[in-house]
Amino acid sequence: MTPSPEIALAQTSLLQAMIAIAPASVRVGCRVISDADEAHLSPEEAHSIPARQPAMRRASGAARWIAHGLLTELGVNDFAILRAPSGAPAWPDGITGSLAHDDDMAVATVAPVGHIRSLGIDVEPAQPLPDDIFALVAIPSDRMEAADRHLAGRILFAAKEAVYKAVYPLDREVLGYEHIAVDLNAGRATTTTGRKLSLAYCLAPRVVVLAFVDGVAR
């Protein structure tokens with residue numbers, strides 16, 4: 001089914017913004033979550049995802065549909081992106097990637113392991129973060145002065161989610177928000193496990209944050 005002009009514009013606008021922030025070796029994509037997107041799950045993928053709520057399965061299907069296309073660009077076809085017991089997607093050997101979605105939009109990113117050792121992505125609505133959630137997320141060492149003051153909390157939240165997704169495959173340690181220090185001014189993040197990551201983000205029409213560990217980094 002052909003998407004409406006509004007949906008097509010939202011996808012195009014976000015994709016352009018994501019491409020603009022992504023490193024050269026990183027591929028990104030997005031999709032407005034649509035009815036029946038769960039049909040994009042392969043049987044193996046569907047079996048690996050325990051969530052039974054239709055909305056969650058649609059979001060998972062949309063994100064994997066994007067990722068399948070990105071993997072094809074890297075020469076990988078018909079790879080089932082299974083959900084590991086940790087909840088993270090399992091990627092082909094030699095490739096790192098990440099999936100995310102909010103209520104309406106799904107995003108994905110992949111890259112060959114090399115210059116980029118590990119990737120994380122998060123997507124959020126471009127709205128201020130509620131004060132009670134900000135109080136749980138922020139720590140004194142976070143730096144946000146350079147960010148849009150209305151969206152700084154939302155960017156911070158998305159950054160910590162993306163950082164966690166990037167470092168968990170490397171360290172297999174569960175991190176809380178308090179274990180991740182984000183410097184939006186410098187585009188960097190550090191974890192209490194000693195990881196150092198680069199950050200890039202866009203704000204419209206969604207907040208999307210990419211976190212990545214360089215291939216030469218610890």
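This one's a predicted model, so the numbers in the text were calculated from it and none came from an experiment.

S.K.: Can you walk me through the packing of aromatic side chains in this structure?
M.R.: For any pair of aromatic rings, the description consists of the separation of the ring centres together with the inter-plane angle of the planes. All told, the structure shown has 2 aromatic pairs when counted by the stated rule. For the ring pair Phe157 and Tyr177, a centre distance of 5.9 Å and an interplane angle of 45° mean the geometry is tilted. Placement of the pair is Phe157 in helix H5 (residues 152–171) and Tyr177 in the loop between H5 and strand E5 (180–183), with a sequence separation of 20 residues. For Phe157, a relative accessible area of 14% gives the class buried. A relative accessible area of 25% places Tyr177 in the partly exposed class. With a centroid separation of 5.7 Å and an interplanar angle of 35°, the aromatic rings of Tyr164 and Tyr168 are classed as tilted. Here the residue Tyr164 and the residue Tyr168 both occupy positions in helix H5, the gap between them amounting to 4 residues, near one helical turn. For Tyr168, a relative accessible area of 16% translates into the label buried. Its guanidinium or amino end placed over the ring of Trp65, Arg31 lies 4.6 Å from that ring's centre, counting from NZ or CZ.

S.K.: Whenever I open this one, the pairing of strand E2 (residues 95–101) confuses me. Can you help?
M.R.: On a regular strand, each side chain points to the face opposite its neighbour's, so the side chains alternate between the two faces of the sheet. With 6 of 7 residues buried, E2 is to be regarded as a mostly interior element. The pairing of E2 with strand E3 (residues 105–112) spans 7 bridges and is antiparallel. Looking across to E3, one finds that Ile95 is bridged to Pro112. Once E2 ends, the chain turns through 3 residues before running back antiparallel as E3.

S.K.: Explain the environment of Leu15 here, please?
M.R.: Position of Leu15 among the secondary structure elements: in helix H1 (residues 5–21). The class of Leu15 is partly exposed, set by a relative accessible area of 31%. Spatially, the C-alpha atoms of Leu15 and Gly29 are 6.1 Å apart, while their sequence positions differ by 14 residues. Apart from the residues lying within four places of it in its own chain, the contact partners of Leu15 are Val28, Gly29 and Cys30.

S.K.: Please clarify how the pattern of salt bridges should be interpreted in this entry.
M.R.: Side-chain pairing between opposite charges can occur once the charged atoms of the two side chains come close. Taken as a whole and assessed by the stated rule, the structure comprises 8 salt bridges. Arg31 is the salt-bridge partner of Asp37, the closest N and O atoms lying 2.8 Å from each other. Both residues of the pair, Asp37 and Arg31, count as buried. Close ionic contact of Arg206 with Asp102 constitutes a salt bridge, the shortest N to O distance being 2.6 Å. With Arg206 in strand E8 (residues 206–214) and Asp102 in the loop between E2 and E3, this residue pair connects regions lying 104 residues apart in the sequence. When its relative accessible area of 15% is taken as the criterion, Arg206 is described as buried. Shared partners join several salt bridges into a network, and the residues in it are Asp102, Asp104 and Arg206.

S.K.: Would you mind showing me how to read the nonpolar core here?
M.R.: One recurring pattern in soluble globular proteins is that nonpolar side chains are buried together. Val163, Val182, Leu199 and Val209 are the most contacted members of the largest nonpolar core, which totals 26 residues. For Leu199, the contacting residues outside a window of four places in its chain are Ala159, Val163, Val182, Leu184, Gly187, Arg188, Ala189, Val209, Leu210 and Ala211. Of all hydrophobic cores here, the second largest spans 22 residues; its members include Ala22, Ala100, Ile121 and Leu210.

S.K.: Looking at this structure, I do not really get unusual backbone geometry. What am I missing?
M.R.: Excluding glycine, residues mostly carry a negative phi; peptide bonds, for their part, are mostly trans. Backbone torsion omega between Ala204 and Pro205 reads 0°, so that peptide bond is classified as cis. Note that Pro205 resides in the loop between strand E7 (196–202) and E8. With phi around 55°, Asp78 is a residue other than glycine that occupies positive phi space. For Asp78, the position within the fold is in the loop between helix H3 (54–73) and E2. For Asp78, a relative accessible area of 83% gives the class exposed.

What counts as what
Residues numbered from 1 in each chain as written. Predicted model: local features only at pLDDT ≥ 70, side-chain atom pairs only at ≥ 80, totals over all residues. Heavy atoms only, no water. Phe/Tyr/Trp six-rings, centres within 6.5 Å; stacked < 30°, edge-to-face > 60°. Helix = DSSP H or I, 4+ residues; strand = E, 2+ residues; numbered from the N terminus. Buried < 20%, exposed > 50% of the residue type's maximum accessible area, 1.4 Å probe, protein only. Lys NZ or Arg CZ within 6 Å of the ring centre and 35° of its normal. Pairing = 2+ DSSP bridges. Contact = heavy atoms within 4.5 Å. Salt bridge = Lys/Arg side-chain N within 4 Å of Asp/Glu carboxyl O. Core = buried A, V, L, I, M, F, W, Y, C linked by side-chain atoms within 4.5 Å.

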